[in-house]
Amino acid sequence: MPIATPEVYNEMLDRAKAGKFAYPAINVTSTQTLHAALRGFAEAESDGIVQISTGGAEFLGGQYSKDMVSGAVALAEFAHIVAEKYPVNIALHTDHCPKDKLDGYVRPLLALSEERVKAGRNPLFQSHMWDGSAETLADNLAIAQELLEQARRANIILEVEITPTGGEEDGVSHEINDSLYTTVEDAIRTAEALGLGEKGRYLLAASFGNVHGVYKPGNVVLRPELLKELSEGVAAKFGKTSPFDFVFHGGSGSTEQEIQTALENGVVKMNLDTDTQYAFTRPVAAHMFQNYDGVLKVDGEVGDKKAYDPRTWGKLAEASMAARVVEATQNLRSAGNKIK
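What counts as what
Residues numbered from 1 in each chain as written. Predicted model: local features only at pLDDT ≥ 70, side-chain atom pairs only at ≥ 80, totals over all residues. Heavy atoms only, no water. Helix = DSSP H or I, 4+ residues; strand = E, 2+ residues; numbered from the N terminus. Polar contact = N/O pair within 3.5 Å; in protein donor to acceptor, adjacent residues only side chain to side chain. Phe/Tyr/Trp six-rings, centres within 6.5 Å; stacked < 30°, edge-to-face > 60°. Buried < 20%, exposed > 50% of the residue type's maximum accessible area, 1.4 Å probe, protein only. Lys NZ or Arg CZ within 6 Å of the ring centre and 35° of its normal. Contact = heavy atoms within 4.5 Å. Axes fitted to C-alpha atoms, helices over the stretch in contact; angles between N-to-C directions. Parallel < 35°, antiparallel > 145°, perpendicular 65-115°, else oblique. Left-handed = near helix turned anticlockwise from the far one by under 90°. Nonpolar A, V, L, I, M, F, W, Y, C, P; charged D, E, K, R; others polar.

> How do you make sense of the environment of Asp304 when you look at a structure like this?
Turning to its location among the elements, Asp304 is positioned in the loop between α11 (292-295) and α12 (305-308). A C-alpha to C-alpha distance of 48 Å links Asp304 and Leu13, two positions 291 residues apart in sequence. At 3.1 Å, the side chain of Asp304 and the backbone nitrogen of Lys306 are in polar contact.

> Please clarify how the packing of aromatic side chains should be interpreted in this entry.
For any pair of aromatic rings, geometry is given as the distance between the ring centres together with the angle between the planes. Taken as a whole and judged by the stated rule, the model has 4 aromatic pairs. On the basis of an interplanar angle of 55° and a centroid distance of 6.5 Å, the ring pair of Tyr202 and Phe244 is categorised as tilted. Linking Tyr202 in strand β8 (residues 202-205) with Phe244 in the loop between α8 (226-238) and β9 (246-248), this pair joins segments that are 42 residues apart in sequence. Assigned by exposure class, Tyr202 and Phe244 land together as buried. Between Phe244 and Phe246, the ring centres sit 5.6 Å apart and the planes meet at 55°, which makes this aromatic pair tilted. Aromatic rings pair up to connect Tyr202, Phe244 and Phe246 into one cluster. The ring of Phe238 has Lys237 lying over it, and the distance from NZ or CZ to the ring centre is 6.0 Å.

> What is the right way to read the side chain of Gln126 from this model?
Note on placement: Gln126 falls in the loop between α5 (106-118) and β4 (127-131). With relative accessibility at 2%, the residue Gln126 sits in the buried group. Within the local environment of Gln126, its side chain forms a polar contact with the backbone oxygen of Ala4, the two atoms lying 3.5 Å apart. Among the polar contacts listed, one links the side chain of Gln126 to the backbone nitrogen of Leu92, at a separation of 2.7 Å. Non-local contacts of Gln126, meaning those with residues more than four positions away in its chain, are made with Ile3, Ala4, Tyr9, Ile90, Ala91, Leu92, Ile156 and Ile157.

> So what exactly am I meant to see when it comes to the packing of helix α2 (residues 31-44) against helix α13 (residues 310-331) here?
The geometry of α2 relative to α13 is characterised by a closest axis approach of 7 Å and an angle of 45° between their N-to-C directions. On the basis of their axis angle, the class for α2 and α13 is oblique. Seen from above, α2 lies across α13 with right-handed handedness. In contact with Gln32, Thr33, His35, Ala36, Ala37, Arg39, Gly40, Phe41, Glu43 and Ala44 of α2, α13 contributes Gly314, Lys315, Glu318, Ala319, Met321, Ala322, Val325, Val326 and Thr329. Taken together, the residues of the contact of α2 with α13 sort by class into 9 nonpolar, 6 polar and 4 charged.

As structure tokens, this is what we get:
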């Protein structure tokens, strides 16, 4: 199947919300990690989301120029071709983009898709994220309004993060403290500014103690039941039940119960990066240790070309990451739920 059209992406999100499951959103930084994600979704018979962060796009742009837009566009165009060989629907998304990177990343990508739509084509990406969590809520929502209108014109869904996620990702960091919990007032102000679908569809990354990266049990207190409070508070004011499509950030290391509670309370997308990075790298490290004399020309020897051929260890990395994606679809209940 090809990359999801805007109509199919909307159907994916609607089905997830109605069925109380979520799609893993897998960060990728290369054609190989892209294939690993696609393979995992296909093996799980799950539709899914593949996303590129600003750091991932910079890496994809090459270390000579580190151009985020060309890196993201190149991988997206590649995905549009190779995804046709996988029997699932895949949406393309750009992950966390703070204010100082909007002009070098999300705004040019939105403009590119807007031109494609004017020419009768589908947008290149299906959704983009604006991360204004480092700004005041007023400034955050003012920028979100502008971006939502541009996204609407390009037939794209916007993701907004209204309060901080702890930890660090691509240079954006927040302390782990009480600010990591979105309030009902925050949610109401978001609905007032962005509407509840009539101004364009958006995904909401509300905070319930989320932290990026890895952490040991007990260091982070997640309260996914908070999402129900946010929904009920907004529903009481605006008369629309289940008003938000929630996103779960910082999901690596979450317990099964925390994930299930989040799903029951409206999460339709859950980001995975740390866990899949490790799944990709772990077999590569094992291969290098186990084939030390082959991957290195030790003591003047010639090594073993088959051992250091990137395809040898690359296949192991792809299989391992794909398996972690399958596990994620099972945890999030999207396995076996692809659109027929």
